[in-house]
Amino acid sequence: MQSLNEYWGWLATTVVALAVGVASYALIKSDPFAERNNELFTLDLSSLYEIDPELIRFEQAAEIQAKLEDVRCLAVGPADKIYVAGDQAIHVFSPSGSLLSEIQTEGKPSCLAVEVADPSSQGNIYVGAGNRIEIYRPDGSPAGAWNLPHNNAILTSIAVAKENVFVADAGNRVVSKFDKSGQHVGTIGEGAPNGRRFEVPSVYFDVAISSDGLLHVANPGALRIETYSSTGDMEVRWGEAGSAIGDFFGCCNPSQFAVLPSGSVVTSEKGVPRI
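Everything quoted here is computed from the prediction, not taken from an experiment. (Residues numbered from 1 in each chain as written. Predicted model: local features only at pLDDT ≥ 70, side-chain atom pairs only at ≥ 80, totals over all residues. Heavy atoms only, no water.)

### Brief notes about the overall build of the chain
Let me state the cut-off plainly: Counting from the N terminus, the helices are the DSSP runs of H or I reaching at least four residues and the strands are the DSSP runs of E reaching at least two. The cut-offs for exposure are 20% and 50% of the maximum accessible area for each residue type, with area from a 1.4 Å probe on protein chains only; residues under the lower value are buried, those over the upper are exposed, and the others partly exposed. Contacts were defined at the residue level, with two residues in contact if any of their heavy atoms lie within 4.5 Å. Per-residue and other accessible areas were derived by the Shrake-Rupley procedure at a 1.4 Å probe size, with only the shown protein chains allowed to occlude residues.
Within the chain, the secondary structure is distributed over one helix and 18 strands. For the chain, with 275 residues in total, the buried portion stands at 36%. Considering only contacts within the chain whose residues lie at least 6 apart along the sequence, 36% involve residues at least 24 apart. Put simply, the chain shows about 16,700 Å² of open surface, and 53% of that area lies on carbon and sulfur atoms.

Have a look at this one:
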């Protein structure tokens, strides 16, 4: 008798579960609140892709085939050579796209910068890999490595100035400052001395140096770019949230940017891909 009671109990439970499931499915299919196909609840981004033709000044002229499985970063160095990093290698191309050389790296590159040749520099190559910076000479030979001062670093960008190297760390939401000997000499974004912090919701956190020696840092969660002196003091900040062509759209943009010799800034956005 006990086994029979258990059987009927199991059967009743199964029937109730099936009834609940069928009722839930019917409720969803019936869409009682008329929300599933209601245009009021549809996010339409098509207008963001419609750019005034008068604003389009560039078009793709060529492609470079980088024989890397996972292309992670690129930079332009002396003589306009193009450096492309991924896997555990750096491929160096001529401006026309011919492969000139290949450099094997110890770690997997996540960011890359090439020192611009001038009388006081050698054109060294700086590669973010894991929790350190690997340095290579122009001929590809190793020139040392620097460890980051913070644990759990996610290195996303490197900017090389005349006397210092700045490294963006999305994992700790800071920019680390090194001198050319590899000594860590400062941090921007820890809240001291100016109390400023960077909002970095994802692994997009870019930095660049302009010809006047100022450091430019993307603050993607705040949807703006900030400019700092070499000592870490903020000089200016700009950028607005919005969908217009001059604004930054989404949760965290710009994703990348570059500073031209003229001082103009070229920004790139993710989500809605546009430059």
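### Structural notes on the side chain of Asn124
Inspection of the secondary structure assignment puts Asn124 in the loop between β5 (109-114) and β6 (125-129). Setting aside residues no more than four positions away along its own chain, Asn124 makes contact with Ala113, Val114, Glu115, Ile135, Tyr136, Arg137 and Pro138.

### A short note on a nonpolar patch on the surface
Filter applied, for reference: In this analysis, a patch consists of residues with relative accessible area above 30% that form no salt bridge, clustered at 9 Å for like charges and at 5 Å for the nonpolar side chains Val, Leu, Ile, Met, Phe, Trp and Tyr. The salt bridge criterion pairs a side-chain nitrogen of Lys or Arg with a carboxyl oxygen of Asp or Glu, the two atoms within 4 Å.
Residues Ile51, Leu55, Ile56 and Ile245 make up a contiguous nonpolar surface patch of about 350 Å² in total accessible area. The topology assignment puts Ile245 in the loop between β16 (234-238) and β17 (256-259).

### Overview of unusual backbone geometry
Look at the link from Asn253 to Pro254: it is a cis peptide, with omega at 5°. Tracing the sequence through the fold places Pro254 in the loop between β16 and β17. Residues other than glycine seldom take positive phi values, yet Ala79 does so here, at roughly 60°. By secondary structure assignment, the location of Ala79 is in the loop between β1 (71-76) and β2 (82-86). Taking the relative accessible area as the measure of exposure, Ala79 reaches 64% and is therefore exposed. Despite not being glycine, Asp80 shows a phi value in the positive range, around 60°. By the element assignment, Asp80 lies in the loop between β1 and β2.

### A short note on the state of the cysteines
Counted only if it meets this: The criterion for a disulfide is a pair of cysteine sulfur atoms lying within 2.5 Å.
With the rule as written, the count across this model stands at one disulfide. Disulfide partner of Cys251: Cys252, at an S-S distance of 2.5 Å. In this structure Cys73 is a free cysteine whose sulfur lies 6.4 Å from that of Cys111, the closest cysteine sulfur available. By relative accessible area, which is 2% here, Cys111 ends up buried.

### Examining the pairing of β16
For a regular strand, side-chain orientation follows a simple rule: the groups alternate between the two sheet faces. The test is simple: Pairing between two strands requires that DSSP report at least two bridges joining them.
Judged from the four bridges that link them, strand β15 (residues 224-228) and β16 form a sheet pairing that is antiparallel. In the strand pairing of β16, Glu226 is matched with Arg237. A loop of five residues connects β15 with β16, the two strands running antiparallel in sequence, and Gly232 in this loop sits at a positive phi of about 95°.

### What to know about the nonpolar core
Let me state the cut-off plainly: Put simply, a nonpolar core is a bunch of buried Ala, Val, Leu, Ile, Met, Phe, Trp, Tyr and Cys residues held in one set by side-chain atoms that sit within 4.5 Å of each other.
Counting 15 residues, the largest nonpolar core has Val175, Phe198, Phe205, Val207, Leu215, Val217 and Tyr228 as the members making the most contacts within it. Elements supplying a minimum of two residues to this core: β10 (164-169) and β14 (215-219). Beyond its immediate stretch of four places on either side in the chain, Val217 contacts Val175, Phe198, Phe205, Asp206, Val207, Arg224, Ile225, Glu226, Tyr228 and Phe257. Counting 14 residues, the second largest nonpolar core, distinct from the first, contains Tyr126, Ile133, Leu148 and Ile158.

### What to know about the pairing of β5
Burial of β5 is extensive: five of the six residues sit out of reach of the surface. Here β5 pairs with β6 via five bridges, running antiparallel. Bridge pairing in β6 links Cys111 to Gly128.

### Brief notes about the sheet that holds β5
This is how it is decided: Axis geometry follows a simple rule: fit a line to the C-alpha atoms, using only the stretch in contact for helices, then measure angles between N-to-C directions, giving values from 0 to 180 degrees.
What the four strands build is an open sheet, ordered β5-β6-β7-β8; its pairing is antiparallel. Strand pairing shows two members of the sheet lacking a second neighbour, β5 and β8 (142-147), which therefore form its edges. For this sheet the average axis-to-axis angle between neighbouring strands, irrespective of direction, equals 20°. Direction of pairing for strand β7 (residues 132-136) relative to β8: antiparallel, over a ladder of five bridges. Paired with Glu134 across the strands is Ala145, a residue of β8.

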